Amino acid sequence: MSPTGIPTAGHVGDHAADPLVAELASSCRGPVTGQASLAGMTTLRVGGTARVLVTAESDEDLVAVGRAAAAYEVPHAIVGRGSNLLVSDDGWPGIAVHLGRGYRGLEIEDRRVHAGAAEPLPTLAVKVADAGLTGFAWACAVPGTLGGAVRMNAGAHGSEMRDHLVTVELVRLASGTRETWPLEALGLTYRHSDLPTDAVVVGASLVFEPGDAATVREEIASIRRWRREHQPLNEPNCGSVFTNPSGDSAGRLIDAAGGKAMAVGGAKVSERHANFIVTRPGATATDVATLIRRIQQRVAETAGVDLIAEVVHLGRFETAGDASW
Ligand SMILES: Cc1cc2nc3c(=O)[nH]c(=O)nc-3n(C[C@H](O)[C@H](O)[C@H](O)COP(=O)(O)OP(=O)(O)OC[C@H]3O[C@@H](n4cnc5c(N)ncnc54)[C@H](O)[C@@H]3O)c2cc1C
């Protein structure tokens with residue numbers, strides 16, 4: 001395993017006795033691990049295992065995942081950088097798919113950028129700036145992958161993915177086909193896309209306006225400074241836990257409700273930003289899910305607003321009242 005918790009070599013875990021793991025190991029080029037811990041693959045650093053983790057290096061690997069998921073009747077989920085993901089302590093009985101180096105890389109031609117979905121957004125933001133293109137500095141502070149950013153329609157500082165996307169390349173796990181979808185088909189709204197659950201984003205084309213590289217780099221430095229001052233970047237977190245309700249800010253509502261004093265076990269509302277939950281050593285996913293639920297209750301009681309979790313839950317969460325697989 002690498003320090004990020006992501007398998008680095010053609011490695012089959014100790015659970016090859018699981019026929020699903022054995023089948024995927026024989027049909028995929030990328031590493032396949034049975035009972036793989038996902039905690040280290042998320043920025044919250046809590047949670048349990050997936051029945052199997054596949055690091056897909058090619059479309060053939062994704063097709064194999066789709067085939068195995070259908071044959072064994074198990075769900076699948078894509079894990080990007082795990083920067084918006086809360087995995088249940090009880091684990092998850094499906095195939096977790098991580099896109100490997102085969103899905104990195106980018107090409108820039110005039111104002112058009114084409115990048116692989118595993119490309120980290122902060123790296124992409126810097127490369128776009130270096131190419132003398134403007135408008136993507138905001139992405140320097142969103143620690144996800146391009147694929148996760150498309151799925152979530154990530155955004156910050158007044159911009160979002162849909163401002164730049166032209167087309168998205170998908171591999172459909174149900175049919176094993178590669179498709180190119182135009183922006184209009186993605187149904188991107190605030191932190192949401194209408195992408196089907198079997199759609200894996202494998203690449204995207206984006207377009208930007210020409211600008212001055214030095215100015216954009218200064219903008220990036222200033223955004224990073226602002227984030228360090230206002231967000232708890234030295235503690236495990238998942239960014240904003242809740243979406244902002246129309247015309248208000250979730251952080252303001254939580255703060256006004258006295259939320260900054262709230263904690264459950266090793267999970268705590270950040271003193272620096274009330275819409276962030278940070279985890280301390282020993283924290284569990286149940287702590288985080290329970291704290292999310294309590295914050296929702298507190299804000300509903302004090303302000304009459306139902307906060308909606310932005311962080312994606314994977315697995316069963318009794319306490320969060322959100323038993324999704
Ligand atoms: C410190 C910090 C700051 C943050 N700031 C912001 C911010 O300013 N704005 C913002 O919008 N978000 C922010 N986030 C949240 C997060 O970084 C974004 O939502 C990001 O887009 C998630 O990308 P990811 O690769 O980590 O996806 P994951 O967390 O791994 O997954 C999130 C969802 O996307 C799906 N997914 C991931 N990859 C793919 C793919 N290739 N194809 C299809 N589905 C996929 C997953 O299945 C899951 O449903 C922040 C997080 C942190 C930790």
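Bear in mind the structure is a predicted one, so any value in this text is a computation, not a measurement.

Now for the pairing of strand β7 (residues 112–116). Here strand β6 (residues 106–109) pairs with β7 via four bridges, running antiparallel. Opposite L106, over in β7, you have A115 as the bridge partner. Relative to strand β13 (residues 199–207), β7 is paired through five bridges, and the arrangement is antiparallel. By the bridge assignment for β13, H114 is matched with S205.

Around the ligand, a shell composed of 34 residues is seen, among which G80, G144, G147, G148 and G239 lie nearest. Element by element, the count of residues in the shell around the ligand is highest for helix α4 (residues 146–152), at five residues. Residues that form the shell around the ligand fall into these classes: 18 nonpolar, 13 polar and three charged.

Across soluble globular proteins, nonpolar side chains have a tendency to be buried as a group. If you look at the biggest cluster of nonpolar residues, it comprises 99 residues, and the most contacted ones within it are L24, V65 and V288. Counting residues per element, this core draws most heavily on helix α7 (residues 285–303), at seven residues. With sequence-adjacent residues up to four places away left out, L24 is seen in contact with V32, V52, V54, A64, V65 and A68.

This part is about helix α1 (residues 19–27). In an α-helix, one turn spans 3.6 residues; hence positions three or four apart end up facing the same way. For α1, the full list of buried residues reads L20, V21, L24 and A25. Seen along its axis, α1 keeps its buried residues to an arc of 130 degrees; they face one direction. In α1, the exposed residues that point more than 90 degrees away from the buried face are P19 and S26. Contacts made by the buried residues of α1 are with β1 (32–37), β2 (49–56) and α2 (59–72).

A word on the sheet that holds strand β15 (residues 263–264). Spatial strand order, β15-β16-β17: three strands in an open sheet with antiparallel pairing. Of all the strands in the sheet, the pair left with one neighbour each is β15 and β17 (277–279). Note that β15 and strand β16 (residues 267–269) share two bridges and pair antiparallel. Bridge assignment links A263 to a residue of β16, and that residue is K268.

Right, let's talk about the domain arrangement of the protein chain for a bit. In many reports, interface size means the accessible area that the parts give up when they come together. According to the domain assignment, the protein chain contains domain 1 (19–102), domain 2 (104–216) and domain 3 (233–314). Each of domain 1 and domain 2 has a C-alpha centre, and the two are 23 Å apart. In this assembly, 17 residues from domain 1 lie in contact with 16 residues from domain 2. Only α2, β3 (76–78) and β5 (92–99) provide two or more residues apiece to the side of domain 1 that touches domain 2. Residue contributions to the side of domain 1 that touches domain 2 peak at six residues, all from α2. Here the residues of the side of domain 1 that touches domain 2 are counted per class, giving seven nonpolar, seven polar and three charged.

Here is what the cut-offs are and how they apply
- Residues numbered from 1 in each chain as written.
- Predicted model: local features only at pLDDT ≥ 70, side-chain atom pairs only at ≥ 80, totals over all residues.
- Pairing = 2+ DSSP bridges.
- Helix = DSSP H or I, 4+ residues; strand = E, 2+ residues; numbered from the N terminus.
- Near = placed C-beta within 6 Å.
- Nonpolar A, V, L, I, M, F, W, Y, C, P; charged D, E, K, R; others polar.
- Core = buried A, V, L, I, M, F, W, Y, C linked by C-beta atoms within 7 Å.
- Buried ≥ 20, exposed ≤ 12 C-beta atoms within 10 Å, placed from the backbone.
- Contact = placed C-beta atoms within 7 Å.
- Arc of directions from axis to C-beta.
- Domains from an automatic or database assignment.

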